[in-house]
Amino acid sequence: MATTRFFIILIFMIFTTTGSASSGLDEMVTVLSIDGGGIKGIIPATILAFLEGELQELDHNKDARIADYFDVIGGISTGGLLTTMITAPNENNRPLFAAKDITPFYFENGPSIFPPGAWPPISGPKYDGIYFHQILQEVLGETRLHQALTEVAIASFDIKTLQPVIFTKAALAKSPELDAKMSDICYSTAAAPTYFPPYNFTTVDANGKQYQFNMVDGAVTAASPAVVAVTAAVRRATEGDPAYRSIKSLNFKNILVISLGTGDSTDIVTPESYTAEEAAKWGAFDWLWHNNTSPLLKMIASASSYMGDYYLATIFQALDSEKNYLRVQEHALVGSTTVMDNATDANMNLLVQVAEDLLKKPVSKETSETNEEALKRFAKVLSDRKKLRASKASY
């Protein structure tokens with residue numbers, strides 16, 4: 001419902017806005033979003049490593065990082081984890097992870113986060129989440145949301161208030177209770193029902209008031225991380241942030257969006273697909289857990305991924321700005337690569353190969369431009385924008 005309302009509002013504004021003059025390249029607002037999908041986060045991690053390598057080459061700077069080029073970076077579930085890894089600061093106030101170091105993190109920790117041999121849940125979650133939470137605390141320490149190096153937009157869902165919670169730096173002025181530890185935010189957005197237990201944590205504002213969160217996976221919001229991230233950018237514009245003023249009238253010619261998926265099987269029929277005849281026999285347990293996965297969560301994640309792309313692609317096209325929107329998504333996952341918690345070395349290597357092959361594939365059926373070519377084109381815009389801002393700042 002939230003994404004539907006967002007789409008309706010945007011379409012209304014498209015037809016009621018007379019248009020505005022195009023701003024300079026330095027005023028373009030840039031957005032990166034990353035989907036959820038458990039261990040399949042290796043796919044966008046590999047794509048990010050390629051993009052960061054291109055930016056480093058263009059700027060002749062091996063220390064250039066993704067966060068240096070985007071105004072808003074957002075994600076849900078494993079996408080929230082990636083968002084934090086590339087925006088949380090290290091001791092030198094630079095991004096904690098280079099993009100090339102994210103996939104090795106999955107290889108090192110994935111088998112302990114998703115240990116093999118775990119039984120399907122009957123009276124509790126499949127995994128206890130203890131190691132996952134410990135490694136997040138170890139890596140992120142006491143870092144809090146306000147310390148993120150760029151604006152972030154990470155979604156989770158509070159099962160006590162029955163409301164989505166969107167963690168953004170901009171929201172802290174009115175909602176200081178959102179200034180949680182990044183480790184708590186990461187676990188919250190990835191605590192998928194049936195896979196990990198819900199997560200409870202407390203924050204304390206400057207006046208000593210406590211606020212309790214009772215969180216599960218951001219995918220439960222059924223919101224597209226790309227829509228959430230774009231909304232975060234638009235909200236900053238409407239609240240008067242001068243860095244976002246060029247999009248206050250929804251001038252999408254001044255918004256650049258890269259949306260990274262974790263793969264689906266929508267282009268093919270696989271054994272992992274379901275038929276109405278099969279599902280008609282399911283009870284409550286089967287909808288939550290069937291053939292070692294959760295059909296309900298899988299459908300919610302797939303639907304939010306598809307609809308987010310549908311909304312944004314439609315809007316950018318309607319505003320003659322389709323070149324400013326890039327969706328990088330594999331639509332032909334098969335076998336073990338479709339499973340969000342298969343952290344065997346063999347499957348993780350397959351996911352790396354999926355991402356590398358994806359770079360060579362066309363962006364869509366309507367164009368011959370490959371994802372690799374499109375990412376290079378976007379990297380050039382990002383690099384030029386950064387250089388122009390730097391030159392203006394030096395005056």
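Small disclaimer: the values here were computed from a predicted structure and weren't measured. (Residues numbered from 1 in each chain as written. Predicted model: local features only at pLDDT ≥ 70, side-chain atom pairs only at ≥ 80, totals over all residues. Heavy atoms only, no water.)

Draft legend 1. Highlighting the pattern of salt bridges. All chains considered together, the criterion is met by 18 salt bridges. Where aspartate 59 meets lysine 387, a salt bridge forms, and the shortest distance between an N and an O atom there is 3.5 Å. Highlighted residues: aspartate 59 in helix 2 (residues 42-59) and lysine 387 in helix 12 (residues 371-393), separated in sequence by 328 residues. Assessed through its relative accessible area of 17%, aspartate 59 is described here as buried. Looking at lysine 387, the relative accessible area reads 40%, which means it is partly exposed. One network of salt bridges, with partners in common, ties together Asp71, Arg385 and Arg389. (Salt bridge = Lys/Arg side-chain N within 4 Å of Asp/Glu carboxyl O. Helix = DSSP H or I, 4+ residues; strand = E, 2+ residues; numbered from the N terminus. Buried < 20%, exposed > 50% of the residue type's maximum accessible area, 1.4 Å probe, protein only.)

Draft legend 2. Structural detail: empty space enclosed by the protein. Summed over the entire model, instances satisfying the criterion amount to 2 cavities of 30 Å³ or more. There is about 130 Å³ of room inside the largest cavity. Sorting the residues of the lining of the largest cavity by element identifies helix 3 (78-87) and helix 4 (102-113) as the ones contributing at least two each. Considered class by class, the residues forming the lining of the largest cavity number 9 nonpolar, 4 polar and no charged. When its volume is computed, the second largest cavity comes out at roughly 30 Å³. In terms of lining, the second largest cavity is formed by Leu81, Met85, Phe97, Phe105, Leu136, Val139 and Leu140. (1 Å grid on protein atoms, 1.4 Å probe; cavity = no way out; pocket = protein on both sides within 12 Å on 5 of 7 lines; lining within 4 Å. Points joined across faces, edges and corners; volume = space filled by probe spheres on them. Nonpolar A, V, L, I, M, F, W, Y, C, P; charged D, E, K, R; others polar.)

Draft legend 3. Spotlight on the UniProt feature "active site" (unreviewed entry) in the protein chain. Feature annotation in UniProt places "active site" (unreviewed entry) on Ser77 and Asp217, given in this structure's numbering. Across 141 residues of sequence, these annotated residues stay compact in space, with a maximum C-alpha separation of 6.0 Å. Cross-referencing the annotated residues with the lining of the largest cavity gives Ser77. Tracing the backbone through its elements, the reader meets serine 77 in the loop between strand 2 (72-76) and helix 3. For serine 77, a relative accessible area of 4% gives the class buried. If we ignore the near neighbours within four places in the chain, the residues touching serine 77 are Gly36, Gly37, Thr189, Ala190 and Asp217. (UniProt positions renumbered as here; feature names shortened; annotations may be inferred. Contact = heavy atoms within 4.5 Å.)

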